[in-house]
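Notes for the structure review
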Amino acid sequence: MTAVWITAALVVAGLAGWPVTALVFRLARTIDDRADAAKAAEEASRAAEDPSADVTVDAPHAETQSVDGELTAPPDVPPSAGPASGPPVPTQRILRGGAIIGVLERLGVCLAILTGQPVAIAYIVAIKGLGRFAELKETPVAAERFIIGTLTSMLWAAGTAAAVKVLFLS
């Protein structure tokens, strides 16, 4: 019967942790969006009250003016009214493979707690951090996602393992 509870704990920790982590990411993004909107509104109100904000500066244009006063674009520049006709710029995904790594991380944390080896959790975090170090160093967004995802996954797995251990394996 113990094997059944351990298997159930691993399934719940490993697979059910993904929707929980996705929900936490969504909540974090919503909080960030609200904070950004509040910051933009504060800056806009501050700019509206600032008397020096009435001064405008024209940005330099790539347009030329002909003799008769009409603005014309240089002949090799496409008109700006239409969409760009070039191929779309590929976007770089951050923290590729995070879903698979997250499942493995949750399984490892759950097993570490169920077997009474919580020190193994430190190894899991160290391996994960070292594997992502270069990417985390270059991209602050990646570092934030890494921290949120790791903490959510570890808390879910630890909570699941602790609940199964206390309720069914003692």
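Residues numbered from 1 in each chain as written. Predicted model: local features only at pLDDT ≥ 70, side-chain atom pairs only at ≥ 80, totals over all residues. Heavy atoms only, no water.

Focus on the overall build of the protein
Going by this rule: Working definition: helices are DSSP H or I runs of at least four residues, strands are E runs of at least two. Numbering for both runs from the N terminus. Partly exposed residues are those whose accessible area sits between 20% and 50% of the maximum for their type, while under 20% is buried and over 50% is exposed, using a 1.4 Å probe and protein chains only. With residues, only the protein chains shown are counted as cover, and all accessible areas are computed by Shrake-Rupley using a 1.4 Å probe.
Across its full length, the protein holds five helices and two strands. Reading the helices (α) and strands (β) of the protein from amino to carboxyl end gives α-α-β-β-α-α-α. For the protein, the proportion of its 170 residues judged to be buried stands at 18%. Taken as a whole, the protein presents about 12,600 Å² of accessible surface, with 67% of it coming from carbon and sulfur.

What about helix H2 (residues 17-49)?
Heads up, the condition is: By this rule, a helix spans an expected 1.5 Å times one less than how many residues it contains. We call two residues in contact whenever any of their non-hydrogen atoms come within 4.5 Å of each other.
With 33 residues, H2 should cover 48 Å at 1.5 Å per step; its first-to-last C-alpha distance of 48 Å lies within 8% of that length. Among the residues of H2, those classed as buried are Gly17, Thr21 and Ala28. Buried positions along H2 lie against helix H1 (2-15), helix H3 (98-114) and helix H5 (140-168).

Re the layout of surface pockets
Inclusion rule: Points on a 1 Å grid, built from protein atoms alone, make a cavity when a 1.4 Å probe fits but cannot get out and make a pocket when they are open with protein on both sides within 12 Å along at least 5 of 7 lines; residues with an atom within 4 Å of a point are the lining residues. Grid points are joined across faces, edges and corners, and a volume is the space filled by probe spheres set on the points. Each residue gets one label: Ala, Val, Leu, Ile, Met, Phe, Trp, Tyr, Cys and Pro are nonpolar, Asp, Glu, Lys and Arg are charged, and the others, such as Gly, are polar.
Counted as a void, the largest pocket has a volume near 430 Å³. As for the largest pocket, its lining consists of 21 residues, of which Phe25, Leu95, Gly98, Ala99 and Arg145 are closest to the centre. Mapped by element, the contributors of at least two residues to the lining of the largest pocket are H2, H3, helix H4 (119-138) and H5. No other element matches H3, which puts six residues into the lining of the largest pocket. For the lining of the largest pocket, the residue count by class is eight nonpolar, seven polar and six charged. Considering the residues around the second largest pocket, the lining is formed by Phe25, Arg26, Ala28, Arg29, Asp32, Asp33, Val141, Glu144, Arg145 and Ile148. Mapped by element, the contributors of at least two residues to the lining of the second largest pocket are H2 and H5. Broken down by element, the residue count for the lining of the second largest pocket peaks at six residues, all from H2. Its residues assigned to classes, the lining of the second largest pocket comprises four nonpolar, no polar and six charged.

A word on the packing of H2 against H5
Operational definition: Only the contacting stretch of a helix is used when fitting its axis, a line to C-alpha atoms as for every element, and angles between N-to-C directions run 0 to 180 degrees. An angle below 35 degrees is treated as roughly parallel, one above 145 as roughly antiparallel, one from 65 to 115 as roughly perpendicular, and anything else as oblique. By definition, turning the near helix anticlockwise from the far helix through less than a right angle yields a left-handed crossing, and turning it clockwise yields a right-handed one.
Between H2 and H5, whose axes approach to 9 Å, the crossing angle comes to 140°. Taken together, the axis directions place H2 and H5 in an arrangement best described as oblique. Here H2 and H5 pass one another in a crossing that is right-handed. Where H2 approaches H5, its residues Gly17, Val20, Thr21, Val24, Phe25, Ala28 and Asp32 are matched on the opposing element by Glu144, Arg145, Ile148, Gly149, Thr152, Ser153 and Trp156. Grouping the amino acids of the contact of H2 with H5 by side-chain chemistry returns six nonpolar, five polar and three charged.

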